[in-house]
Amino acid sequence: MARIALLLILVCAAAPQDKAAERVPWTASKIAGSPEPPPPVRAVAAFPNLKFTKPLDLVPFPGHARYALLEEDATMWSFRNDPACGKADLLLDLKKEIRDLEKVERCKGVAACYSIAFDPDFAKNRKCYVMYLLASKDKRKPLEDGSRVSRFTVTDTDPPRLDPASEEVLITWVADGHNGCDLHFGNDGFLYISTGDAESPNPPDRRRTGQDVSDLLSSILRIDVHRAEGGRPYAIPADNPFVGLPGARAEVWCYGLRNPWRMSIDRATGRLWIADVGWERWESIYCGERGANFGWSVMEGPTPCLPDAKRGPTPIVPPAHALPHPESMSITGGFVYHGKKLKGYEGRYFYGDWETRRVWANPVRGNTLGDREEVARTPYRVVSFAEEADGELLIVDHEGGGIHRLEPNDAGARNADFPRVLSKTGLFASTPAQTPSSGVIPLSIRAPRWADGATGQRWLAIPGRDPIQLWDKENDWPKESLWPKDSALAKTLTLDGRKVETQVLHFDGGSWNAYAYVWNAEQTDAALAPAEGAEVDMGGGRKWKVTARAACLTCHNPWPGYSLTLNTAQLDRPFIESLQKAGFFSKELPQLKALVDPSD
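Once a new chain begins, its residue numbering starts again from 1 and follows that chain's sequence as written. Reporting in this predicted model follows two pLDDT cut-offs: at least 70 for local features of residues, and 80 or more for side-chain atom pairs to be given and counted; totals over whole chains, interfaces and linings ignore these cut-offs and use all residues. No hydrogens and no water enter the side-chain calculation; it runs on all heavy atoms of the structure.

Details of the pattern of salt bridges
Note that side chains of opposite charge can pair when their charged atoms are close. So the rule is basically this: Salt bridges are defined by distance alone: a side-chain nitrogen of Lys or Arg within 4 Å of a carboxyl oxygen of Asp or Glu. In this text, helices come from DSSP runs of H or I with a minimum length of four residues, and strands from runs of E with a minimum of two, each type numbered from the N-terminal end. Note on exposure labels: buried denotes an accessible area under 20% of the residue type's maximum, exposed denotes more than 50%, and partly exposed covers the range between, all computed with a 1.4 Å probe on protein chains only.
In the structure shown here, the tally under the stated rule is 35 salt bridges. Ionic pairing is found between R227 and E229, a salt bridge with its closest N-O pair at 3.4 Å. Salt-bridge contacts for E399 lead to R381; the nearest nitrogen and oxygen are separated by 3.6 Å. Of this pair, E399 sits in the loop between β26 (393-397) and β27 (403-408) while R381 sits in the loop between β24 (373-377) and β25 (382-387), and the two are 18 residues apart along the sequence. Accessibility expressed as a relative area gives 5% for R381, which makes it buried. Within this structure, R66, K87, D89 and D158 form a network of salt bridges that share partners.

Next comes the structure, spelled out in structure tokens:
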């Protein structure tokens, strides 16, 4: 029936000649914006004339007259700290300028560059420190010394350059999978270095390195780069926790991390804050204290992962804060805020998420964090933060290549016109009869989700004629597709002949949001449920639970591409082919194994 309905929609718009059927756009849409107040913070372009290619790290030069920016392909740039700046200057091209790599067995060159830190005595010694990766000629055999932290001299020129001939490799570890890595000087003058577990996601911690302090992995290292001792180009601070422990690497300051993606030093207190990318359930934030064991892979955040695995020499401590999937899916650490523009947020730890593109802030309470507040929803892949001289914060967009400043959001109140009843959404020509508006297409799927005995009707609604830009299976991660703005998917659940709720998934152009409309007793219309969900009295002591909006995104998340139905596993091939011929997709849908109706 769904295929017939679609064909009727398409044929009605087609010319009488033998031409491909044209798609009818959904023009009745009234769903836009959000019924909630806008978040208190927004991200605005800080350097609107500058764009970079997959930037990863942004660090101010001492004095803040310039910034250094690292791109993923190992190109390093600098630019003036001026909003009108329209030109970035080459700082170092590691792939072209790093020397003597032919001496490294199986090395085929520089693979990526992750982090840069300037020496506290930069004004006197012109030194900086860079973490980069070497690529192996054989992907099955990672380079044991492929993760490098090197010291360079910065030329005293305008613009400055990193002198490749000055490179001194300080410390190395295996380059494979989760590498970390971030570099920061603490208020104590020592260099802190983050490392990951050097593995791919599955199985978790295959090297069993998370609890092992005999290597440099899954740790924060702490070294003195201003002295050399023991045949090393650095020294180990005497108060490092594992100095003198047999078999331990004395460089380790704290450990038990999976893939720490960005850390920072609180300029006021000197505390080290670490954001650790989780595995299947949690994203975690830790306070990097001396000898702390953060649990990976015995624990994933607050949850056991491999509880029978051998434990490290110190007790496991819980996260200072943990975020469940999918509210956060790939955490990016930020800074404790010490600026003036964001009133009321002084002393809060700001951080973001690469996947959900959101920014949160938590009050700092000693070595732990209070409850999080979602302060910004951005369209940006938040890959790193930077702290300005006045304590204001910048975020770096890995996807779009821009740099954006966090500022108060003066966008006004919530969207007063957001439809509070289903009949105002534009989805239906007749809401009581569930007759779809022109351009709204019924969907019939193979394997509906169990819903306590309720049955569901489904619809697809896309305004305009732009296609859904499908993700590239080979190159894009995760499995996200870019839909036309204000696209919607809807489902009405009916139990014992009574329509209970209509669920709507809406793409606002930057993110997907979920809404539920609860049907009235007369079955004439449905009212928007509150964000925290609702409970419907079905009579006879039976209650129907309307899910909270945030909880809907537990399933409708980036990993399956938000929509759980618009795929070849759920829809019949002729129906999919009809959609493809009508231009609903930018290319052919990936062929998935068809699901089986569980009620058959």
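Still more to cover.
Some points on the nonpolar core
Convention followed: As used here, the term nonpolar core means buried Ala, Val, Leu, Ile, Met, Phe, Trp, Tyr and Cys residues forming a set that is joined through side-chain atoms within 4.5 Å. Any two residues whose heavy atoms approach within 4.5 Å at even a single point are treated as in contact.
If you look at the biggest cluster of nonpolar residues, it comprises 62 residues, and the most contacted ones within it are L58, F79, W173, L183, L191, I193 and I403. Looking at which element gives the most residues to this core, the answer is strand β9 (residues 162-175), with five residues. Once residues lying within four places of it in the same chain are set aside, the contact partners of L191 are A117, Y129, V149, L183, H184, F185, L221, R222, I223 and V225. In terms of nonpolar packing, the next biggest core, distinct from the first, is built from 25 residues, F61, M76, L143 and F152 among them.

Structural notes on the sheet that holds strand β4 (residues 75-80)
Note: strands within a sheet are paired through backbone hydrogen bonds, in either parallel or antiparallel orientation. Heads up, the rule is: DSSP calls a pair of strands paired once it identifies at least 2 bridges connecting them. Fitting a line to C-alpha atoms yields each axis, with helices limited to the stretch in contact; the angle taken between N-to-C directions then spans 0 to 180 degrees.
Read from one edge of the open sheet, four strands run β2-β3-β4-β5, paired in antiparallel fashion. Looking at which strands have only one partner, the edges of the open sheet turn out to be β2 (55-60) and β5 (89-93). Across this sheet, the average inter-strand angle for adjacent strands is 25°, counted without regard to direction. In the sheet, β2 pairs with strand β3 (residues 66-71) via five bridges, with the strands oriented antiparallel. Bridge pairing in β3 places L58 opposite L69.

Looking at the packing of aromatic side chains
Any pair of aromatic rings gets described here by the distance separating the centres and the angle formed by the planes. Heads up, the rule is: What counts as a ring pair is set by centres within 6.5 Å for rings of Phe, Tyr and Trp (its six-membered ring), and what kind of pair is set by the plane angle: stacked under 30 degrees, edge-to-face over 60, tilted for all other angles.
Counted under the stated rule, the structure contains 22 aromatic pairs. With a centroid separation of 5.8 Å and 70° between ring planes, the pair formed by F242 and Y255 is classed as edge-to-face. In this pair, F242 sits in the loop between β12 (219-223) and β13 (252-255) while Y255 sits in strand β13, placing the two residues 13 residues apart along the sequence. F242 gets classed as buried once you look at its relative accessible area, which sits at 4%. A centroid spacing of 5.5 Å and a plane angle of 20° characterise the contact between Y349 and Y351, whose relative ring orientation is stacked. As far as the burial class goes, Y349 and Y351 line up, both buried.

Thoughts on the pairing of strand β37 (residues 542-546)
Two strands pair when backbone bridges link them, and strand β36 (residues 534-539) and β37 are joined in this way by five bridges, in the antiparallel orientation. Across the sheet, E535 pairs through a bridge with K545, a residue of β37. Counting the residues in the hairpin turn of β36 and β37 gives two residues, including G540, whose phi is positive at 65°.

Quick word on the side chain of T356
On the secondary structure map, T356 appears in the loop between β21 (348-353) and β22 (358-365). Sequence-distant contacts of T356, that is, excluding residues within four places in its chain, are made with P326, E327, S328 and M329.

Focus: the environment of A74
In this structure, A74 sits in the loop between β3 and β4. Classification of A74 as buried rests on a relative accessible area of 0%. In the structure, A74 is positioned 40 residues away from Y114 in sequence and 7.9 Å away in space, judged by C-alpha atoms. Those residues in contact with A74 that lie beyond four places of it in its chain are L92, D93, L94, K95, V110, A112 and C113.

What to know about the sheet that holds β27
Ordered in space as β1-β27-β26-β25, the four strands form an open sheet in which the pairing is antiparallel. Of all strands in the sheet, those bounded by a partner on one side alone are β1 (41-45) and β25. On average, each strand axis in the sheet is inclined to that of its neighbour by 35°, with strand direction left out of account. Looking at chain direction, β25 and β26 are connected through five bridges and run antiparallel.

Here we look at unusual backbone geometry
Backbone torsion omega between N202 and P203 reads -5°, so that peptide bond is classified as cis. Inspection of the secondary structure puts P203 in the loop between β11 (191-194) and β12. With an omega dihedral of 5°, the bond running from W296 to S297 counts as a cis peptide bond. Residue placement: S297 occurs in the loop between β16 (282-287) and β17 (299-300). A positive phi angle is found at H64, which is not glycine, with a value near 65°. For H64, the position within the fold is in the loop between β2 and β3. A positive phi angle, close to 60°, is found at R126, a residue other than glycine. Summarising the element assignment, R126 is placed in the loop between α3 (122-125) and β7 (127-136). Exposure remark for R126: the relative accessible area of 21% places this residue in the partly exposed category.

Some words on the environment of E199
The following threshold applies: Pairs of N or O atoms within 3.5 Å make up the polar contacts considered here, provided that, within protein, one atom can donate a hydrogen while the other can accept it, and that residues adjacent in sequence are counted only when both atoms are side-chain atoms.
By the secondary structure assignment, E199 is in the loop between β11 and β12. Classification of E199 by relative accessible area gives buried; the value is 6%. A sequence separation of 20 residues divides E199 from N179, and the C-alpha atoms of the two residues are 8.2 Å apart. Look past the residues within four positions of E199 in its chain and what remains in contact with it is D176, G177, H178, R206 and R207. Here the side chain of E199 touches R206 through a polar contact of 2.8 Å, side chain to side chain. One polar contact links E199 to R207, side chain to side chain, over a distance of 3.3 Å.

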